[in-house]
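Coordinate inspection notes
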Amino acid sequence: MERTLSIIKPDGVTRGLIGDVIRRFEKNGLNIIAMKMIHMDKTQAEGFYAVHLGKPFFDSLTDFMSSGPAVVMILEGDDAIAKNRELMGATNYKDAAPGTIRADHATDIEKNVVHGSDAPETAAFEIGYFFNSFEIIRR
Ligand code: UDP
Ligand code: MG
């Protein structure tokens, strides 16, 4: 069993895609063991994406991530990190495999609907960034 952090980004929430994204997780063996809706401020978004500090897209990305509500979730399952990344599709929706969330819904390389952790270490950091132990379901 592995855990990963998923975010339905502000574009996904605004465009009414929460249900579609969650349905894909439920159908593909990714169990939601924590979930909440948040609206990050700029500083929180910068802290979350600190790994990208200094990149050309950092300022725009953190503006976008703090522009409206987002849904943050912990997904648990076998190979949850890789499975979630597979369901998401490539960062650039133009490269995303058909049938993935980003291929189906993204409108822009930045506004690509979902976030997913990319490794066990980043998953641990990202889960701890949003959730404390009382908010995670014991199964
Ligand atoms: N991003 C962007 N321009 C780029 C690369 C990334 O706007 O050239 C944004 C996009 O929203 C992406 C996020 O920054 O999801 C984080 O980038 P990363 O490379 O970690 O992609 P991800 O892990 O989300 O696929
Ligand atoms: Mg990433």
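Here's a quick rundown of the structure. (Residues numbered from 1 in each chain as written. Chains lettered and ligands numbered in written order. Predicted model: local features only at pLDDT ≥ 70, side-chain atom pairs only at ≥ 80, totals over all residues. Heavy atoms only, no water.)

A closer look at the sheet that holds strand β3 (residues 70-77)
Taken in spatial order, the 4 strands of this open sheet run β2-β3-β1-β4, and their pairing is antiparallel. Every other strand in the sheet has two partners, leaving β2 (31-38) and β4 (114-116) as the edge strands with one partner each. Strand-to-strand twist across the sheet, computed as the mean angle between neighbouring axes with direction ignored, equals 20°. Taken together, the 3 bridges between strand β1 (residues 2-8) and β4 define a ladder with antiparallel strand orientation. Bridging from a neighbouring strand, Ile8 pairs with Val114 of β4. Against the sheet, helix α5 (residues 80-88) contacts β1, β3 and β4, and its axis sits at roughly 30° relative to β1. (Pairing = 2+ DSSP bridges. Helix = DSSP H or I, 4+ residues; strand = E, 2+ residues; numbered from the N terminus. Axes fitted to C-alpha atoms, helices over the stretch in contact; angles between N-to-C directions. Contact = heavy atoms within 4.5 Å.)

A word on the nonpolar core
By size, the foremost hydrophobic cluster in this structure holds 20 residues, and its most contacted members are Leu5, Ile7, Met65, Ile74, Phe130, Phe131 and Ile136. Elements with a minimum of two residues in this core: β1, β2, α3 (42-48), α4 (58-65), β3 and α7 (120-130). The leading source of residues in this core is α4, at 4 residues. Ignoring any residue separated from it by four or fewer positions in sequence, one finds Met65 in contact with Ile7, Lys9, Pro10, Met40, Ala45 and Tyr49. Grouped together as the second largest cluster of nonpolar side chains are 17 residues, Ile22, Met88, Ile101 and Val114 included. (Core = buried A, V, L, I, M, F, W, Y, C linked by side-chain atoms within 4.5 Å. Buried < 20%, exposed > 50% of the residue type's maximum accessible area, 1.4 Å probe, protein only.)

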